[in-house]
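Chains, contacts and geometry: an overview
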Amino acid sequence: MWNAFLEALLLNAGYNASLVAVGAALLGAAAGSSGTFLFLRKRSLVSDALAHSTLPGICLAFMLMVAFGGSGRSLIGLLLGSAFSAGLGALVVHWLSSRTRLPEDAAIGVVLSTFFGFGVVLLTIIQTMRSGYQAGLEGFLLGSTAGMLYEDALLIAVGGALAVLFIILFRRPLTLASFNPEFAATIGVRVRTTDIAMMLLAMAVTVIGLKVVGLVLIVALLVIPPVSARFWTDRVEIVALLAGAFGALAGYLGAALSASAPSMPTGPIIVLVGTSIFIVSFLFAPRRGLLAGLLRRRQAVEALKAEQFISSR
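Analysis parameters
- Residues numbered from 1 in each chain as written.
- Predicted model: local features only at pLDDT ≥ 70, side-chain atom pairs only at ≥ 80, totals over all residues.
- Heavy atoms only, no water.
- Helix = DSSP H or I, 4+ residues; strand = E, 2+ residues; numbered from the N terminus.
- Buried < 20%, exposed > 50% of the residue type's maximum accessible area, 1.4 Å probe, protein only.
- Contact = heavy atoms within 4.5 Å.
- Areas by Shrake-Rupley, 256 points an atom, 1.4 Å probe, with all protein chains shown as cover.
- Expected span 1.5 Å × (residues − 1).
- Polar contact = N/O pair within 3.5 Å; in protein donor to acceptor, adjacent residues only side chain to side chain.
- Phe/Tyr/Trp six-rings, centres within 6.5 Å; stacked < 30°, edge-to-face > 60°.
- Core = buried A, V, L, I, M, F, W, Y, C linked by side-chain atoms within 4.5 Å.
- Salt bridge = Lys/Arg side-chain N within 4 Å of Asp/Glu carboxyl O.

To continue, consider the overall build of the protein. The number of helices and strands found in the protein is 14 helices and zero strands. N-terminal to C-terminal, the α/β element order of the protein is α-α-α-α-α-α-α-α-α-α-α-α-α-α. Looking at the protein as a whole, 47% of its 313 residues are labelled buried. Residue pairs in contact within the protein that sit at least 24 positions apart in sequence constitute 73% of those at least 6 positions apart. With an accessible surface of roughly 16000 Å², the protein has 69% of that area assigned to carbon and sulfur atoms.

Right, dumping it as structure tokens:
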């Protein structure tokens, strides 16, 4: 397995496996960077609502394509359906949190459970349909790259690259709105428009990541890398850069591990690699890590004891 893993790391495990690894890395970079701004705005759970809201759209898109005589397995069609459903979920969350007395976390819980429950019902109905190729459609729940075609992997790679490009081009207003929205408004930044752009970016990353990690686990790529990066620095731009790097590393290593052992699911492996990065950051980061904090506390105690000893003489 080690030799297979090394070949996958060096992109020698086959063209499709290499494309999946590069696409997963770009997806991880886009998810980590864009998740940074949601994390700083304390809206990380919005990504959870977006992810779970995609399931009804996937199912309805499948049923619509089958009704028009197709197989229902077109990735572009399924992603368009998921994007429509996720956008609707985001609008409902915004409406509930702004027009009612529900706090945002409660609105997210309502939308998440309702949309996901409706999607599960539709998925059950699809399994009883005699037309269409519904086998493997449930792979969108936890991700599936085993049946990924060249066109699918290319779509994911291009989508991830475009998301990264968007972050690079608009990093200044995104950073200002995330770090200090009041100051951003005073210098002319349209904070509301920027917030919508954050939501759309998270939605885009969620949609293109469905094939790789699935709607249940895409949230991890949007949350874990920024949280891990926050242990290492206080600067917003460095947090975004590190989050993108951690996300890319998780995607690349996870895809390589999955390629070296085909029986291992790609999405969960990517998330576990990201979790490993979080654990290392939590323990060993020099500024905010657990061990660094314990060391500073011990040094402070020793300094206090020394001061008390000197004052008692």
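Our next topic: helix H3 (residues 44-67). Since one α-helical turn is 3.6 residues long, residues separated by three or four positions face the same way. Between its terminal C-alpha atoms H3 stretches 37 Å, which fits the 34 Å expected from 24 residues at 1.5 Å a residue. Within H3, 18 of the 24 residues are buried, which leaves it mostly tucked inside the rest of the structure. Immediately downstream of H3, the backbone of Gly69 shows phi near 95°, a positive value.

Before going further, it helps to examine the side chain of Ser34. Residue placement: Ser34 occurs in helix H2 (residues 15-40). A polar contact of 3.3 Å, which involves the side chain of Ser34, links it to the backbone oxygen of Ala31.

A few words now on the packing of aromatic side chains. A full pass over the atoms with the stated rule returns four aromatic pairs. Between Phe166 and Phe170, the ring centres sit 4.8 Å apart and the planes meet at 40°, which makes this aromatic pair tilted. With relative accessibility at 40%, the residue Phe170 sits in the partly exposed group. Note on Phe278 and Phe282: the rings are 6.1 Å apart at their centroids and 20° apart in plane angle, and the pair reads as stacked. Of this pair, Phe278 and Phe282 both sit in helix H13 (residues 266-284), four residues apart, roughly one helical turn. On the basis of relative accessibility, which here comes to 28%, the residue Phe278 falls in the partly exposed class. By way of ring pairs, the aromatic residues Phe231, Phe278 and Phe282 are connected into one cluster.

As a further point, take the nonpolar core. Of all hydrophobic cores here, the largest spans 72 residues; its most connected members are Leu50, Val205, Val212, Val213, Leu221 and Ile270. With 12 residues, the top contributor of residues to this core is helix H11 (residues 210-230). Non-local contacts of Val205, meaning those with residues more than four positions away in its chain, are made with Leu27, Ala30, Ala31, Ser34, Ala163, Ile218 and Leu222.

Let us look at the pattern of salt bridges. Close approach of charged atoms allows side chains of opposite charge to pair. Throughout the structure, instances matching the rule amount to five salt bridges. With a shortest N-O distance of 2.9 Å, Asp234 and Arg230 are connected by a salt bridge. The exposure class of Arg230 is partly exposed, given its relative accessible area of 23%. Between Glu237 and Arg235 there is a salt bridge, with the nearest N and O atoms lying 2.5 Å from each other. Owing to a relative accessible area of 36%, Glu237 belongs among the partly exposed residues under this scheme. Because the salt bridges share partners, they merge into one network encompassing Arg230, Asp234, Arg287 and Arg288.

Treat this as a map of the structure, not an account of what it does.
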